[in-house]
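Structural description and commentary
Chain by chain, the residues run as shown.
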Amino acid sequence: MIKVTDKPKEQYQKESPQTVFTKALTIGFSGGILWSGIGALTYFFHFSEVSAASFLIRSYLQNDWSGTWLAEILAIIGVGLLSLVTAMLYYFTLKRQSGIWPGAVFGIILWGLVFVVLTPLFPAIPTFMELTSDTWVTTGCLFILYGVFIGYSISYEFQEFNQPSNSYSKEQGV
């Protein structure tokens, strides 16, 4: 005999809604992991002279392991955590902007901030003029893509959350 219950099955239960801010933090962490991971690959294939480990680990520790993949992975996780701050910054300042251009400009500003303004904080990073043009282009593109990823994703979530739902009901004449 089959037992009938009044409880809905698990597959029909709704997920608990996340706030846009929580989604922005998730987007920030994911973007930091994704784009710094790609940056590590560009460093490995010599498209760039720097990677996340160059900034976060090699600038302060000159050990044998600081040049290994373990250092790269730890630095990628560190960039993911730092990216939470970047996502919050975008969320509080530009979340209402739509399109890819605000994110691209945000990425360019971040790139300038990291490679021009903050370079003295990282002793393992050559000055801006000492870096090769390959590094400029590669890291610039990565920062632009990172900014577009963060910006477009956060703006999309904000717009979706604040958009009135489009239900097709008889009251709307459909």
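Heads up: these notes are all about the structure in this document. (Residues numbered from 1 in each chain as written. Predicted model: local features only at pLDDT ≥ 70, side-chain atom pairs only at ≥ 80, totals over all residues. Heavy atoms only, no water.)

A look at the nonpolar core
To keep it simple, the criterion reads: What is meant by a nonpolar core is a set of buried Ala, Val, Leu, Ile, Met, Phe, Trp, Tyr and Cys residues, joined one to another through side-chain atoms within 4.5 Å. We call a residue buried when its accessible area falls under 20% of the maximum for its residue type, exposed when it is over 50%, and partly exposed in between, using a 1.4 Å probe and counting protein chains only. The numbering of helices and of strands both runs from the N terminus, where a helix is a DSSP run of H or I of at least 4 residues and a strand a run of E of at least 2. Throughout, a residue-residue contact means that at least one pair of heavy atoms, one from each residue, lies within 4.5 Å.
Counting residues in hydrophobic clusters, the biggest one holds 14 residues, and the most contacted among them are Tyr90, Tyr91, Tyr146, Ile150 and Ile154. Those elements that place two or more of their residues in this core are α1 (20-44), α3 (69-94), α4 (101-117) and α5 (133-162). At 5 residues, α5 tops the list of elements feeding residues into this core. Every residue in contact with Ile154, bar those within four places of it in the chain, is listed here: Ala24, Ile27, Ala87, Tyr90, Tyr91 and Lys95. Phe55, Val114, Phe122 and Ile125 belong to the second largest nonpolar core, which has 8 residues in total.

Brief notes about the side chain of Thr119
Applicable threshold: Polar contact criterion, stated in full: a pair of N or O atoms within 3.5 Å, where within protein one must be able to donate a hydrogen and the other to accept it, and residues adjacent in sequence count only if both atoms are side-chain atoms.
One can find Thr119 in the loop between α4 and α5. You can call Thr119 buried: its relative accessible area is 7%. There is a polar contact of 3.4 Å between the side chain of Thr119 and the backbone oxygen of Val114. Each residue touching Thr119, except ones within four places of it in the same chain, is listed here: Val114, Ile125, Pro126 and Thr127.

Describing the packing of aromatic side chains
What counts here: For this analysis, a ring pair means two rings from Phe, Tyr or Trp (six-membered ring only for Trp) whose centres lie within 6.5 Å, classed as stacked if their planes differ by under 30 degrees, edge-to-face if by over 60, and tilted for the remaining angles.
The tally for this structure, following the rule as stated, stands at 12 aromatic pairs. With a centroid separation of 5.7 Å and 75° between ring planes, the pair formed by Trp111 and Phe128 is classed as edge-to-face. Of this pair, Trp111 sits in helix α4 while Phe128 sits in the loop between α4 and α5; the two residues are 17 residues apart in sequence, bridging distant segments of the chain. Exposure remark for Trp111: the relative accessible area of 16% places this residue in the buried category. Phe128 sits in the partly exposed class, given a relative accessible area of 22%.

Notes on the pattern of salt bridges
Stated precisely, the cut-off is as follows: Salt-bridge detection follows one rule: a side-chain nitrogen of Lys or Arg within 4 Å of a carboxyl oxygen of Asp or Glu.
In total, this model carries 2 salt bridges according to the counting rule given. Salt-bridge contacts for Lys23 lead to Glu157; the nearest nitrogen and oxygen are separated by 3.2 Å. Here Glu157 lies in helix α5 and Lys23 lies in helix α1, a separation of 134 residues in the sequence. On the basis of relative accessibility, which here comes to 22%, the residue Glu157 falls in the partly exposed class. Of the charged contacts in the structure, one is a salt bridge between Glu72 and Arg58, with a shortest N-O distance of 2.6 Å. Note that Glu72 is positioned in helix α3 and Arg58 in the loop between α2 (52-56) and α3, a separation of 14 residues in sequence.

Looking at the environment of Trp101
Here Trp101 is to be found in helix α4. Using a relative accessible area of 65% as the deciding quantity, one classes Trp101 as exposed. Separated by 47 residues in the primary sequence, Trp101 and Val148 have C-alpha atoms spaced 7.4 Å apart.

A few points about the packing of α1 against α3
Two packed helices can be described by the angle between their axes and the distance between those axes. The following threshold applies: Think of each axis as a best-fit line through the C-alpha atoms, taken over the contacting stretch in the case of a helix, with angles from 0 to 180 degrees between the N-to-C directions. For classification, angles of less than 35 degrees are called roughly parallel, those exceeding 145 degrees roughly antiparallel, those between 65 and 115 degrees roughly perpendicular, and all remaining angles oblique. Crossing handedness: left-handed means the near helix sits turned counterclockwise from the far one by under a right angle, and right-handed means the same turn made clockwise. Note on residue classes: Ala, Val, Leu, Ile, Met, Phe, Trp, Tyr, Cys and Pro are nonpolar, Asp, Glu, Lys and Arg are charged, and everything else, Gly too, is polar.
As a packed pair, α1 and α3 sit with axes 7 Å apart at the nearest point and diverge in direction by 140°. One element, α1, and the other, α3, form an angle in the oblique class. The handedness of the crossing between α1 and α3 comes out as right-handed. In the contact of α1 with α3, the residues fall into 19 nonpolar, 6 polar and 1 charged.

Considering unusual backbone geometry
At His46, a residue that is not glycine, the phi angle is positive and equals roughly 65°. With respect to the helices, strands and loops of the structure, His46 is situated in the loop between α1 and α2.

Let's talk about α4
Residue pairs three or four apart in sequence face the same way in an α-helix, which turns once every 3.6 residues. Where we set the bar: In a helix, the anticipated span is given by 1.5 Å times the number of residues less one.
Under the 1.5 Å per step criterion, the end-to-end length of α4 is 23 Å for 17 residues, consistent within 8% with the ideal 24 Å. Regarding α4, the residues found buried are Pro102, Gly103, Ala104, Phe106, Gly107, Leu110, Trp111, Gly112, Val114 and Phe115. Lining the buried residues of α4 we find α2, α3 and α5.

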